[in-house]
Amino acid sequence: MGSTIAIFCAAAMLMPQLSVSYLRIYIDLSSRNLSSVPGDLPKEAEYIDLSLNHIRQLKRGDFRNTPILRFLNISGNCLDSIHPETFLHTPLLEDLDLSHNELKDLMDQPYLQHTENLVALNLAHNKFLTMTLAREFGSLVKLQRLTLGGSTISVGDFRNIADVELRVMSLFLEGVLVYEPGSLQDVYARRLQVKFNNKFPHDLMEDALSFFPELELLELSSGYQELSKQLSQRSEIYTSCLYLTHISINWPDFTQYVHVALNTTVTHLGVSGVTMYRLPQNATTVAETSRVKSLTFRRAVVRSFLFSQEAVYNFFINMPVENLALTETSIIHMTCPKSESPITQLNFSYCSMTDTIFSRVEGLITVECKTLGNVRTLALAGNNLKSLKSLSIRMQYMRSLQDLDLSLNLLVYDGQKGCVWPQNISSMSLSSNGLTDSVFQCLPENVERLDLQNNQISAVSSSTLGLVRLWYLNLNANKLLDLPVCHNFPLLQELLLKSNSLHTPSVDRLKSCRSLKTLDASSNPFTCTCDLMGFIRLGLKFEKGGAAVTFLQWPHGYYCSYPEAVRDSNLNNFWIPEISCNSYLLAAAILCPAVVVITVVLTLCRHFDIPWYLGMIWQWMQAKHRARQRQPRPEVLLGIEFHAFVSYSQKDAAWVFDHLLPNLESPAGGLRICHHGKNFVPGKPIINNIMTCVEKSRRCVFVLSAHFVKSDWCHYELYFASHQHLALGSDSVVLVLLEPVPQYLIPSKYYQLKSMMARHTYLEWPQDRAKQRLFWANLRAALQADLPHLTVTGIEE
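Being a predicted model, the structure only gives us computed values, none of them experimental.

Each value, and the rule that gives it
- Residues numbered from 1 in each chain as written.
- Predicted model: local features only at pLDDT ≥ 70, side-chain atom pairs only at ≥ 80, totals over all residues.
- Heavy atoms only, no water.
- Pairing = 2+ DSSP bridges.
- Helix = DSSP H or I, 4+ residues; strand = E, 2+ residues; numbered from the N terminus.
- Contact = heavy atoms within 4.5 Å.
- Axes fitted to C-alpha atoms, helices over the stretch in contact; angles between N-to-C directions.
- Left-handed = near helix turned anticlockwise from the far one by under 90°.
- Nonpolar A, V, L, I, M, F, W, Y, C, P; charged D, E, K, R; others polar.
- Disulfide = S-S within 2.5 Å.
- Buried < 20%, exposed > 50% of the residue type's maximum accessible area, 1.4 Å probe, protein only.
- Right-handed = clockwise from strand over helix to strand, strands pointing away.
- Polar contact = N/O pair within 3.5 Å; in protein donor to acceptor, adjacent residues only side chain to side chain.
- Salt bridge = Lys/Arg side-chain N within 4 Å of Asp/Glu carboxyl O.
- Core = buried A, V, L, I, M, F, W, Y, C linked by side-chain atoms within 4.5 Å.
- Expected span 1.5 Å × (residues − 1).
- pLDDT = per-residue confidence, 0-100.
- Phe/Tyr/Trp six-rings, centres within 6.5 Å; stacked < 30°, edge-to-face > 60°.
- Lys NZ or Arg CZ within 6 Å of the ring centre and 35° of its normal.
- Patch = residues over 30% accessible without salt bridge, like charges linked within 9 Å, V, L, I, M, F, W, Y side chains within 5 Å.
- Areas by Shrake-Rupley, 256 points an atom, 1.4 Å probe, with all protein chains shown as cover.
- Parallel < 35°, antiparallel > 145°, perpendicular 65-115°, else oblique.

One open sheet holds the five strands; their spatial order is 30-29-31-32-33, and the pairing between them is parallel. Because the sheet does not close on itself, it has two edges, and the strands there are strand 30 (673-675) and strand 33 (763-764). Examined bridge by bridge, strand 29 (residues 642-647) and strand 31 (residues 697-704) share five bridges and lie parallel to one another. From the neighbouring strand, V646 faces strand 31, where its bridge partner is V701. Together, strand 29, strand 30, strand 31 and strand 32 (733-737) form the strand contacts of helix 11 (residues 653-665), whose direction differs from that of strand 30 by roughly 155°. In this fold helix 13 (residues 686-695) packs onto strand 29, strand 30 and strand 31, with an angle of close to 120° to the strand it touches most, strand 31.

Running from N to C, helix 11 and helix 17 (residues 769-783) point in directions that differ by 65°, and their axes come no closer than 10 Å. For the pair helix 11 and helix 17, the crossing hand works out as right-handed. In this structure, helix 11 contributes W655, H659, L660, N663 and L664 to the contact, and helix 17 contributes W776, L779, R780 and L783. Across the contact of helix 11 with helix 17, the residue classes break down as six nonpolar, two polar and one charged.

By the definition in use, this model includes four disulfides. One disulfide bridge connects C336 with C369, the sulfur atoms lying 2.1 Å from each other. Given an S-S torsion of about 70°, the disulfide between C336 and C369 has right-handed geometry. Here C369 lies in the loop between strand 18 (365-367) and strand 19 (377-379) and C336 lies in the loop between strand 15 (323-327) and strand 16 (345-347), a separation of 33 residues in the sequence. Owing to a relative accessible area of 18%, C336 belongs among the buried residues under this scheme. For C369, a relative accessible area of 4% puts it in the buried group. Between the sulfur atoms of C486 and its disulfide mate C513 the distance is 1.8 Å. When the S-S torsion is 65°, as for the bridge of C486 with C513, the disulfide is right-handed. You can see C486 sitting in the loop between strand 23 (472-474) and strand 24 (494-496) and its partner C513 sitting in the loop between strand 24 and strand 25 (518-520), a full 27 residues away along the chain. You'll find C486 and C513 in the same group, each marked buried. In this structure C674 is not part of a disulfide, and its nearest cysteine sulfur, from C693, lies 3.1 Å away. According to the relative accessible area criterion, C674 is buried, its value standing at 0%.

We now examine the pairing of strand 11 (residues 214-218). With five of five residues buried, strand 11 lies mostly within the body of the structure. Taking every second residue as pointing to the same face, both faces of strand 11 are buried, with E214, E216 and L218 on one and L215 and L217 on the other. Looking at chain direction, strand 10 (residues 189-195) and strand 11 are connected through five bridges and run parallel. The residue of strand 11 that forms the bridge with V194 is L217. Where the polypeptide runs from strand 11 across helix 3 (residues 224-232) and back to strand 12 (residues 241-250), its parallel neighbour, the crossover connection is right-handed.

With that settled, consider the side chain of T264. Note that T264 resides in the loop between helix 4 (251-262) and strand 13 (268-277). A polar contact of 2.7 Å, which involves the side chain of T264, links it to the backbone oxygen of A261. A polar contact is formed between the side chain of T264 and the backbone nitrogen of V266, at a distance of 3.3 Å. If we skip the residues at most four places from it in the chain, T264 touches L231, I237 and R291.

Our next topic: the pattern of salt bridges. Considering all chains together, one arrives at 19 salt bridges under this definition. Salt-bridge contacts for E85 lead to R60; the nearest nitrogen and oxygen are separated by 2.3 Å. Placement of the pair is E85 in the loop between strand 5 (81-82) and strand 6 (95-97) and R60 in the loop between strand 3 (57-58) and strand 4 (71-73), with a sequence separation of 25 residues. A salt bridge links E322 to K293, with the shortest nitrogen-to-oxygen separation between them at 3.8 Å. With E322 in the loop between helix 5 (309-317) and strand 15 and K293 in the loop between strand 13 and strand 14 (294-302), the pair connects residues that are 29 residues apart, well separated along the chain. Beyond isolated ion pairs, a larger network of salt bridges with shared partners links R190, R191, E214 and E216.

All right, on to the nonpolar core then. Grouped together as the largest cluster of nonpolar side chains are 168 residues, with contacts concentrated most on F137, F158, F358, L388, L406 and M428. It is helix 4 that provides the largest number of residues to this core, a total of seven residues. Residues within four places of F158 in sequence aside, it is in contact with M131, L133, L148, I153, M169, L171, S183, L184, D186 and V187. Core analysis: the next-biggest nonpolar cluster, separate from the first, contains 23 residues, A644, V646, V736 and L779 among them.

When the terminal C-alpha atoms of helix 17 are compared, their 22 Å separation across 15 residues agrees well with the 21 Å that a helix rising 1.5 Å per residue should span. Listing the buried residues of helix 17 in full gives K771, Q772, L774, F775, W776, N778, L779, A781, A782 and L783.

The predicted coordinates ought not to be read in detail in places where the model reports low pLDDT. Mean pLDDT over the protein: 85, with 86% of residues reaching 70 or higher. Scored below 50 in pLDDT, residues 1-23 shows 41 contacts in the model against residues more than four places distant or in partner chains. Across residues 726-730 the pLDDT falls below 50, and counting only partners more than four positions away or on other chains, this stretch makes one contact in the model.

Take the packing of aromatic side chains next. All told, the structure shown has 29 aromatic pairs when counted by the stated rule. One aromatic cluster is present, formed by F526, F535, F542, F551, W554 and Y558 through successive ring pairs. Over the ring of Y397 we find K370; its NZ or CZ atom is 5.0 Å from the centre of that ring. When the ring centre of Y472 is taken as reference, the NZ or CZ atom of R449 above it lies at 3.9 Å.

Another aspect to go through is a nonpolar patch on the surface. Judged by side-chain polarity, I590, L591 and V595 come together as a nonpolar surface patch covering roughly 290 Å² of accessible area. Judged by its relative accessible area of 48%, V595 falls in the partly exposed class.

Bringing the environment of T255 into the picture now. Structurally, T255 is set in helix 4. Between the C-alpha atom of T255 and that of A287, which follows or precedes it by 32 residues, the distance is 10.0 Å. Residue contacts for T255: discarding those within four places in its chain leaves T284 and F315. Only 3.0 Å separates the side chain of T255 from the backbone oxygen of P252, close enough to count as a polar contact.

Turning next to the packing of helix 4 against helix 5. The interhelical angle for the contact between helix 4 and helix 5, taken along N-to-C directions, is 15°, at an axis separation of 13 Å. When the axis of helix 4 is compared with that of helix 5, the two are roughly parallel. Considering how the two elements wind past one another, helix 4 and helix 5 form a crossing that is left-handed. Two secondary-structure elements touch here, helix 4 through W251, F254, T255, V258 and H259 and helix 5 through V312, F315 and F316. Of the residues that constitute the contact of helix 4 with helix 5, the class distribution is six nonpolar, two polar and no charged.

In structure tokens:
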């Protein structure tokens, strides 16, 4: 209960007048030497600052063009009159600052009847003699903060705001205060702020301590003894939170005030913005018991140069309260309580604490603190702490410690064993330090919430210390290259990885996170390639409501960083076809059509005998090429009368005379052919005829068939032709295969024919008439040559 009250009181104390961070249009006309409100204010203006000018009057139409005005500051002018309809056209006005002007009568404020939405109104430092409020104040039902100033306060002055529930009522006392007891009883406010002038207002303090749950005394520079005396004389105080803000005080007055306050019914004491004098040389007595639950000491400045730091530290650490906060103060050490401390919440944030905190050195031995066993919450954020291992040793005897905040320090861990954290730590913040991957070897084993954001962690290895109760892990703003593996975090439910170096997160790693419910991987430099598609599919599945894991900030926090073509595109708009990313599908997509095409091509080739055509065309081209390259010299052709001598079996004569000779000797062919049926000389020996025909023919055409193989004379012709042309060094034997002649059918004695069939490419006679034209073209190309123009009538002996 005490800690709850302390937190509420602290939050209320820090509440600003009105946050304007949400305002879109801010018009700054401060210190512009203006004598009136400009007439060209933009209608979009929500915040207008006219402070520190010379404006004396606010007229009816000054703000007619600013219908959405919410915040208006006219402080520090010479304002002495405001037209009743000045704010007729600003129905949304929430914050109005009219302080430091020359308004004279709080009873005469008719302009407030058009400001029913006001939340904050500041009328301090005007010319008000009394604080009697006009009836228009009663219409400000939304008012939360009211600031007034004056020197006379009487009963009934605040009658018109008796039904207004204020959060803060501020009274700036000016001149010699005349206060009538009971004047504040009509004010209903959570907090009363009183800014003193000189004399301590005893009667006002009596009412303040009787009517307001929170009381804040501002800029008090004297009267502390009167305040302490007044507190000590009251048996019951309605006020539960008592603050001193922006004060100057010496150590004796401060300690006396604290001792007195500790024995009152006040539950929270707060001191903020304090300047301290005459700090002690010796130990200061500390009360042993207290009704106060929490003490906050914030932003202290010391004006003493010679004093005992240990005496000051001991005064605070031995305070008999449950919640002690000493923050934003340049202290470098804190001692250990002399006996078991009742403190359960301890806050030393934003000081200058070092690793020696709570310990002391006796000789060469460091003595650890054992009297803070009741501390459940310890905050040491924003200090000069450096060694994580040393801090674990400092806190090893805080057996009740549950929440530990070590953020915003200089912590590192050297990887050496020896961390001895208390066993009950369930929540730990180590954000904004210099910790690396090894930090997982120096953590409380039973931690449930772990904040490691803004460190230097690049990986969570499988050798990580098992944190079997961890359900929340914050690794934002680190250097992680991939998702962590959760084998050592079986209960992990919430994983935050925002602003790391995740390029292509491995979704398979999430399979080890069986309990994961929330994942934030936004603001990472994603590389949008095939490797990222698994992660994108998981995000899209969440977008459609089918994923077990909630993707925080999806899709607007997830965008491509590479390649440039898709840079800054949201991941849910990026897609690569599955076939481009799956090598098996891609291979199948390529090979299957290729196999089909090849099969079809081969089938068509086989059906239309395309290889034969291609082979014949190739032979024709080769023959043409050879004819051009091997054009015989004229002296070689001396005595050559025929393009070719045809050797054939007599049983194949029909084909020779019906097909071969007509196609070669016709006008289209233009060849002179020698064959024994026409050119052998009767009566002359056959051998002589053969030799003569071979010698007078440039080429020899052998018509091969089964009959040719069986003919001895054909082999003679083949023998003479081969030897004759070998002597001449030319390859002029042309084989025409009239029908298939297997090698095994050729007798071994005719090795010449076997050798020639193996060496020479032969032309096969096609039975298909469509192919025969190409056959004749090839044959003519092989025999074509420019021979001497002779008239051949026969072969002479």
